[in-house]
Amino acid sequence: MKLTIGHLYPDLLNLYGDRGNICCMKKRLEWRGIEAEVLPFASGSQIDFDSLDLILLGGGSDREQALACEYLKETGQAFKDWALTGGVLLAVCGGYQLLGNYYQTASTKIEGLGILDIYTEWSPKRLVSNIVLDSTLFKHPIVGFENHGGRTYINDYPPLGKVRFGSGNTDSSGYEGVLYQNIVATYLHGPLLPKNPEICDYLLTRALKRKYGGNIELDTLSDELEHTANDYITQLCKSIS
Ligand code: GLN
């Protein structure tokens, strides 16, 4: 078995080590004897979405996001079709905001891809901290780091998790991210997947199922270090809340 992972616009959208999410996906496949190919697509390159099993769209500053948005417009419909027909997508922060209808910044309105019927509005108080979420899908809390000025309004989409510590989508809704079809969209940088291997395996399983069908059960990995990091952040946040 083999998965092809596309990294969209690493030259523009790669804050706080978002690329670590790619390393994590690749390693966790290889540790199980599954081949992994990573294709980075610099801004402006042609993308054949049908050849991709998984995509990472990372985060960026408002300026970089506006540039990425211009490039994405060119491939917008193909990306949308891919994502809404079961494409497995991890979108982080600026990438999450770009999936929506628009991001209204302090000075301009950045049109989104409209893959999700959500929108984001900027507010002067930046939301910056470690963050801990609870999700019924995963045994461990989801941990990460958030730093955003945008507040994302997700309508009736299911969130990724309930905020235990930190701010999340709007600082007041009590929820974070979106989990819809095979799309995980979240404000959690950090990078997300090494600290939350259950989310990584969730994405990999979905991508393998989409490609090969049947009942995919990934071999269990020890994840001792990963869980130690996860517990450390959870305890740290608990001690200061
Ligand atoms: N530019 C966006 C905001 O500040 C996203 C930043 C990011 O990706 N960290 O809301």
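Further up the page is the structure itself.
All figures in this text were calculated on a predicted structure; none of them were measured in a lab.

A. Region of the structure containing the layout of surface pockets. Within this model, the largest pocket holds a volume of roughly 470 Å³. Lining the largest pocket are 20 residues; nearest its centre among them are E198, D201, Y202, T205 and L218. When residues of the lining of the largest pocket are assigned to their parent elements, the largest contribution, 7 residues, is made by helix α5 (residues 197-212). Its residues assigned to classes, the lining of the largest pocket comprises 6 nonpolar, 4 polar and 10 charged.

B. How the structure looks around empty space enclosed by the protein. For the coordinates displayed, the defined rule picks out 1 cavity of 30 Å³ or more. Taken as a whole, the largest cavity encloses approximately 40 Å³ of empty space. Ranked by residue count, the leading element in the lining of the largest cavity is α5, at 3 residues. Residues of the lining of the largest cavity, tallied by class, amount to 5 nonpolar, 4 polar and 2 charged.

C. Fine view of the pattern of salt bridges. Evaluation of the coordinates by the stated rule reveals 10 salt bridges. With its nearest N and O atoms 2.7 Å apart, the salt bridge here joins R28 to D223. Of this pair, R28 sits in helix α1 (residues 20-30) while D223 sits in the loop between α5 and α6 (224-240); the two residues are 195 residues apart in sequence, bridging distant segments of the chain. On the basis of relative accessible area, R28 is assigned to the buried category, the value being 1%. Counted as one network, the salt bridges with shared partners bring together R28, R32, D201 and D223.

D. Quick look at the site of the ligand. As a structural note, the neighbourhood of the ligand is formed by 16 residues, with D62, Q65, C93, R126 and G150 the closest of them. Residue R126 places a side-chain N or O atom 2.9 Å away from an oxygen atom belonging to the ligand. Considered on its own, the ligand offers 300 Å² of accessible surface; in the complex 98% of this is hidden by protein. At the level of elements, α2 (62-83), α3 (94-99) and β8 (142-153) are the ones that each hand at least two residues to the shell around the ligand.

Procedures and definitions
Residues numbered from 1 in each chain as written. Predicted model: local features only at pLDDT ≥ 70, side-chain atom pairs only at ≥ 80, totals over all residues. Heavy atoms only, no water. 1 Å grid on protein atoms, 1.4 Å probe; cavity = no way out; pocket = protein on both sides within 12 Å on 5 of 7 lines; lining within 4 Å. Points joined across faces, edges and corners; volume = space filled by probe spheres on them. Helix = DSSP H or I, 4+ residues; strand = E, 2+ residues; numbered from the N terminus. Nonpolar A, V, L, I, M, F, W, Y, C, P; charged D, E, K, R; others polar. Salt bridge = Lys/Arg side-chain N within 4 Å of Asp/Glu carboxyl O. Buried < 20%, exposed > 50% of the residue type's maximum accessible area, 1.4 Å probe, protein only. Near = heavy atom within 4 Å. Polar contact = N/O pair within 3.5 Å; in protein donor to acceptor, adjacent residues only side chain to side chain. Areas by Shrake-Rupley, 256 points an atom, 1.4 Å probe, with all protein chains shown as cover.

That is the geometry; function is a separate question.
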